[in-house]
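Here is what each chain is made of, one letter per residue.
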Amino acid sequence: MVGGGQNGKKKKRGGCGRRKMTAEQAQALRDVNEWVYLEKRGCDVSASDDDDFRGFLPRVMRDPRVSDQRVSFELHCHSIFSDGFLSPKVLVEKAHQNGVKVLALTDHDTMAGIPEVQEAAQRYGIKVIPGVEISTIFCLEDDPASEEPVHILAYYSSCGPTRYEEVEKFLANIRDGRFVRAKNMVSKLNILKVPVKWERVTKIAGSGTAPGRLHVARALVEAGHVTDLKQAFARYLYDDGPAYSRGSEPSAEEAVRLICDTGGLAVLAHPWSLKNPALIARCLKEAGLHGIETYRGDGKLSAYSDLADAYRLVKLGGSDYHGRGGNHESLLGSVTLPVLEVYEFLKLARPIWCNAIRNILERYAEDPSVSNLENITRFEKTRIAKGTCGKDLINTCLSLWLTREEVQTPEFQVTMSKLSLVAAN
């Protein structure tokens with residue numbers, strides 16, 4: 001949720017009502033909504049008579065009317081493609097029911113659920129930010145005691161990472177390590193006389209999904225060894241617990257650098273779960289970290305807000321929704337982000353995403369192959385009519401992704417000139 005105030009908490013109804021927004025907040029809200037509702041504003045991808053680029057400059061945002069309504073952002077949630085309980089389709093349906101307008105699916109170490117989320121989101125008018133939550137390890141070279149698991153959220157443009165294959169290989173290595181890790185946890189449980197079957201763990205995880213602690217925890221509940229998931233973690237699976245096992249996670253710094261190098265924003269997830277968040281934030285900032293979660297279901301956490309200020313990190317947050325139910329889980333879309341924080345996030349993200357999109361288009365202009373066209377439309381196939389030619393396809397994507405002002409920058413115009421030569425040939 002995007003709110004006007006700075007504390008990120010919902011205002012109580014009645015009494016004086018909602019506090020009036022300042023001029024700065026009102027302008028920030030208009031800018032945020034301009035981006036959120038970009039693809040709903042009568043975009044016309046046909047070329048105008050005076051286009052210099054033979055149809056490769058879409059008439060984006062022809063009618064710049066902007067709603068003043070507050071919009072709900074959900075920037076941290078999971079599906080069955082990692083350790084969530086809901087399919088991407090059902091997750092989107094629930095997000096729509098809860099009033100979410102911008103959704104980032106951030107499954108652990110995989111982006112496999114993004115196409116399904118994008119397809120479902122189209123039906124409800126929800127904007128999708130392709131994301132992933134990367135499992136890493138932080139450790140100072142000269143201090144082994146500083147080692148601890150750290151999760152890094154990555155947020156990408158609508159077309160995903162600029163070097164998707166490199167990112168996918170990076171994530172696949174982590175997922176392979178998760179299989180070994182889960183097997184080790186099952187072995188430890190059996191040694192502890194708390195038998196769990198590996199076949200059951202993999203069935204709970206589902207075909208093609210790397211099993212994690214949550215899947216082992218669910219198997220413990222099913223076997224009757226614990227009463228619920230919370231007890232499974234508290235007794236056996238907590239960090240360094242009796243059945244805990246590490247995988248083959250990369251360093252946190254390596255993950256942050258990869259995200260930055262492939263056109264994404266890197267954000268430190270749930271710092272309140274870390275032993276030394278200040279040290280980690282400082283070191284990862286040096287590697288390129290962009291932001292940190294400071295908001296959750298119970299509001300803003302001042303200590304982490306101060307940490308963000310100290311290292312000039314954008315302040316974000318999300319529900320970390322898994323769909324498991326119960327009183328201990330925040331609802332999807334329940335975290336209220338102040339409009340000024342969302343504005344700062346998009347102000348930082350949009351130039352990075354715009355440049356990433358331009359780099360992908362440049363690659364196609366240099367080599368207009370089917371594979372390079374696939375890189376442009378990886379997450380957008382369901383919104384593009386079958387049989388669409390390369391020029392019209394790119395026009396459609398640009399109208400969904402960028403404002404006219406972004407397309408008309410000098411750098412982007414050079415790219416458009418190259419694309420016009422491809423169309424001419």
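Here the structure is shown first, and the text comes after it.
Counting restarts for each chain, with residues numbered from 1 along the sequence as it is written. The predicted nature of this model means local features are confined to residues of pLDDT at least 70 and side-chain atom pairs, given and counted, to a pLDDT of 80 or more, with totals for whole chains, interfaces and linings taken over all residues. Note that water and hydrogens are dropped before the side-chain values are worked out from all heavy atoms of the structure.

Colleague: Which parts of the structure should I look at to understand helix H7 (residues 229-237)?
Modeller: An α-helical turn contains 3.6 residues, so any two residues separated by three or four positions project in the same direction. The complete set of buried residues in H7 reads Leu229, Ala232, Tyr236 and Leu237. The buried side chains of H7 occupy one side of the element, clustering within an arc of 60° when seen end-on. Seen from the buried face of H7, the exposed residues on the opposite side, beyond 90 degrees, are Lys230 and Ala234. What makes two residues a contact is simply this: any of their non-hydrogen atoms within 4.5 Å. Note on conventions: DSSP H or I runs of at least 4 residues are helices, E runs of at least 2 residues are strands, and numbering of each starts at the N terminus. Along its buried surface, H7 packs onto helix H4 (164-191) and helix H6 (213-222). By the criterion applied in these results, polar contacts are pairs of N or O atoms within 3.5 Å in which, for protein atoms, one can donate a hydrogen and the other can accept it, and in which residues neighboring in sequence qualify only through two side-chain atoms. Regarding H7, its N-cap is Asp228, as a side-chain oxygen of that residue lies 3.4 Å from the backbone nitrogen of Lys230 further along. To sort residues, take the accessible area from a 1.4 Å probe on protein chains only and compare it with the maximum for the residue type: under 20% means buried, over 50% means exposed, and anything in between is partly exposed. Comment: arc refers to directions from the helix axis out to C-beta atoms.

Colleague: What's the story with the pattern of salt bridges in this structure? I'm lost.
Modeller: Pairs can form between side chains of opposite charge once their charged atoms are near each other. When a carboxyl oxygen of Asp or Glu is within 4 Å of a side-chain nitrogen of Lys or Arg, the pair counts as a salt bridge. Counting across every chain of the model gives 13 salt bridges. Note that Glu166 is salt-bridged to Arg163, the shortest N-O span being 2.5 Å. Residue class for Glu166 comes out partly exposed when judged on its relative accessible area of 37%.

Colleague: It is not clear to me how the packing of helix H2 (residues 88-97) against helix H3 (residues 114-124) should be interpreted in this structure. Could you clarify?
Modeller: Packed helices, taken two at a time, are described by the angle their axes make and the gap between the axes. Only the stretch in contact is used when a helix axis is fitted, and all axes are lines through C-alpha atoms; the angle between N-to-C directions ranges over 0 to 180 degrees. For the pair H2 and H3, interaxial distance at closest approach is 8 Å and the crossing angle is 35°. Here H2 and H3 pass one another in a crossing that is right-handed. The segment H2 lies against H3, with Pro88, Lys89, Val92, Glu93 and His96 engaging Glu116, Val117, Ala120, Ala121, Arg123 and Tyr124. All residues other than Ala, Val, Leu, Ile, Met, Phe, Trp, Tyr, Cys, Pro, Asp, Glu, Lys and Arg, Gly among them, are scored as polar; the first ten of these are nonpolar and the last four charged. Residue classes in the contact of H2 with H3 are distributed as six nonpolar, one polar and four charged. Helix crossings fall into two classes, left-handed where the near helix is turned counterclockwise from the far one by less than a right angle and right-handed where it is turned clockwise.

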